[in-house]
Amino acid sequence: MTKSHKPVVWFPFAAGGTVIAFCIPVIVVLTFLAALGHMPAGLSYERLHAFAANGVGKLVLFGVISLSLWSSAHRLRCTCYDFGLRADTLVATVLYVAAILGGIAAALFLLRI
Amino acid sequence: MSRNPLVRAVPPTSWFFRQPRYLRYMSREITSIFIGAYCVLLVVGLQRLSAGQTAWEGFLLALRSPASIVFQFLCLVAAVYHAATWFNATQKAMPLQIGENFVPGNVISGAHYVVWILLSLVVLYFAGVF
Amino acid sequence: MTPLKERLVQLEVLRYNPDTDTEAHFQHYEVVCQEEWVVLDALNKVKADIDPTLNYRWSCHMAVCGSCGMMINGEPKLSCHAFLRDYQGVIRVEPLAHFPVERDLVTAPDDFMDKLKRVKPYVIPKEMKPISEGEYRQTPAQLMKFRQYSMCINCMLCYAACPQYGLTPSFIGPAALTLAHRYNQDSRDGGRKERQEVVATHEGVWECTFVGACSEVCPAHVDPASALQQMKITSSIDWIVEHLIPGGKP
């Protein structure tokens, strides 16, 4: 039996899970407030654009979005298996590729700001 | 006497109804669907932000549709549930031994909750919520 | 002294006779028990008074030997530790889930025994020294590091609770991996590298999705879920050292 390469996908999953736990709830609160018509000042075009134009801001947004995407993709892969979907290689490939594409898209949009 | 053991297979698509704790586990795992979908929404938001002020304001307006409100509410529940289960798990993944004894698990998880709440308040403050 | 309270207990027990049956079936028993008894006492009463053909394993009757594990109302339990006062109505008793049924409530533990051997659950000394040099010494702090994990009584309740073991029987599983961790954490031990050959494979810790059921059902308060998550982290660090650091050896 050979050692598994699972750490390649698991480490970013664990990092992403931590990022989701600390950051995503408060981000959802902000967009939820906007959805309810109580737009937080921080979501105005000027303020958010200024934040995303800043190098640190770019890095934070990219880190949060790409790691959270990866973490959800990995967890969803395991969930598919738990629900009885046994085509694990196919499921894993589709989900991981989707997460990577999402991360690349986020990076490209951030670079345009 | 020969052996003739009976193998009772686990039903692969319904095993999680066998015990309440399996349902709790599955609800934790299912949060990933909402978090993943929400991240896609964030990527779309970044695209709109990069496309200029009109595009961004259109995005904010679209967020106010009833479907979006329901979706974001579900995402909020999922995100908070994920956070709680994640912080509760930290004491298992990273036990801390100081001297002879281990730090009580509640202290490790509790510290994560405190940092989480402080960080969230700071973000809300800088976002102008209060 | 107040007399013990009697109670008519209804049991639904899974029966399987390997010589004649192709499927298992439930058999209903009604037996007068004392309210203070445990499920194992009820089974013993059934065997003594009603049905001597009923088969099950037990030995110590005090949650130490780990041989009387059964599913009681769907929950993995030591039947000597399942008090009748905690159950109402019909009590359903089945053999431990995820293991082949040998006969009635007796399961075949062969798979677990094989996996237990594979993780080398014994001290592999860092350096052998002659007896004349004295014992391998350990501080209380070093003992505390693994003491919890050494409480395992090999009752296999964690295997019956773990859905991933049920779905993927090649999974090394909670107790065996936890014992690997117990010896890895021992200051006298130098066998971690050998155990990683089993621990860090797909069938090792990576089959675990942290359901946490193992720790919830453990009658000895061992925490297999914790041990496995810790081993995922150390195995991941090993991988990084091995593959990303030039000349790195785990």
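In this text the structure is predicted, and so the values were computed from the model without any measurement.

Enquirer: Which residues make up the sheet that holds strand β2 (residues 25–34) of chain C, and what values go with them?
Expert: Think of a sheet as strands paired side by side through backbone hydrogen bonds, with each pair either parallel or antiparallel. Residues and elements named next belong to chain C. Here we have 5 strands laid out as an open sheet, ordered β2-β1-β5-β3-β4, and mixed in their pairing. Both outer strands of the open sheet, β2 and β4 (75–78), are each paired with one neighbouring strand and no more. Averaged over all adjacent pairs, the angle separating strand axes in this sheet is 35°, with direction ignored. Note that strand β1 (residues 6–15) and β2 share 10 bridges and pair antiparallel. Bridge pairing links Val9 to Val31 in β2. Most of the contacts of helix α1 (residues 39–50) go to β2, to which it runs at about 100°, and overall it touches β1, β2, β3 (69–72) and β5 (91–95).

Enquirer: For the environment of C:Asp186, give the residues involved together with the corresponding values.
Expert: Residue and element names in this part refer to chain C. Position of Asp186 relative to the elements: it lies in the loop between α6 (174–184) and α7 (192–199). Sequence separation of Asp186 and Ser59 is 127 residues, and the distance between their C-alpha atoms is 30 Å. Other than its neighbours up to four places away in sequence, Asp186 contacts Val123 and Phe146.

Enquirer: Run through the interface of chain B and chain A, naming residues and quoting values.
Expert: Across the boundary between the two partners, chain B contributes 45 residues, which contact 46 residues of chain A. Among the secondary structure elements, those contributing two or more residues to the side of chain B that touches chain A are α1 (20–50), α2 (53–62), α3 (66–93) and α4 (105–126) of chain B. Ranked by residues supplied to the side of chain B that touches chain A, first place goes to α1(B) with 16 residues. Classifying every residue of the side of chain B that touches chain A by side-chain character gives 31 nonpolar, 11 polar and 3 charged.

Enquirer: Talk me through helix α4 (residues 88–112) of chain A; I want residue IDs and the actual numbers.
Expert: Look at α4(A): 36 Å from first C-alpha to last across 25 residues, which is about the 36 Å you get at 1.5 Å a residue. Among the structural elements, α3 (55–82) of chain A together with α1 of chain B are those in contact with the buried residues of α4(A).

Enquirer: Report on the domain arrangement of chain C, specifying residues and quantitative values.
Expert: Residue and element names in this part refer to chain C. Entries for chain C in the domain assignment read domain 1 (6–107) and domain 2 (110–244). Using C-alpha coordinates to define each centre, domain 1 is positioned 30 Å away from domain 2. Counting residues at the interface gives 13 residues for domain 1, matched by 12 residues for domain 2. Here the residues of the side of domain 1 that touches domain 2 sort into 9 nonpolar, 4 polar and no charged.

Enquirer: So what's going on with the packing of helix α1 (residues 7–35) of chain A against helix α9 (residues 224–244) of chain C? Residues and values would help.
Expert: Following both chains from N to C, one finds α1(A) and α9(C) inclined at 120°, their axes separated by 10 Å at the closest point. One way to sum up the angle between α1(A) and α9(C) is to call them oblique. Pair α1(A) / α9(C) crosses with left-handed handedness. On α9(C), the residues that touch A:Pro7, A:Trp10 and A:Phe11 of α1(A) are C:Lys232, C:Ser235, C:Ser236, C:Trp239 and C:Ile240. Taken together, the residues of the contact of α1(A) with α9(C) sort by class into 5 nonpolar, 2 polar and 1 charged.

Thresholds applied
- Residues numbered from 1 in each chain as written.
- Chains lettered and ligands numbered in written order.
- Predicted model: local features only at pLDDT ≥ 70, side-chain atom pairs only at ≥ 80, totals over all residues.
- Pairing = 2+ DSSP bridges.
- Helix = DSSP H or I, 4+ residues; strand = E, 2+ residues; numbered from the N terminus.
- Axes fitted to C-alpha atoms, helices over the stretch in contact; angles between N-to-C directions.
- Contact = placed C-beta atoms within 7 Å.
- Nonpolar A, V, L, I, M, F, W, Y, C, P; charged D, E, K, R; others polar.
- Expected span 1.5 Å × (residues − 1).
- Domains from an automatic or database assignment.
- Parallel < 35°, antiparallel > 145°, perpendicular 65-115°, else oblique.
- Left-handed = near helix turned anticlockwise from the far one by under 90°.

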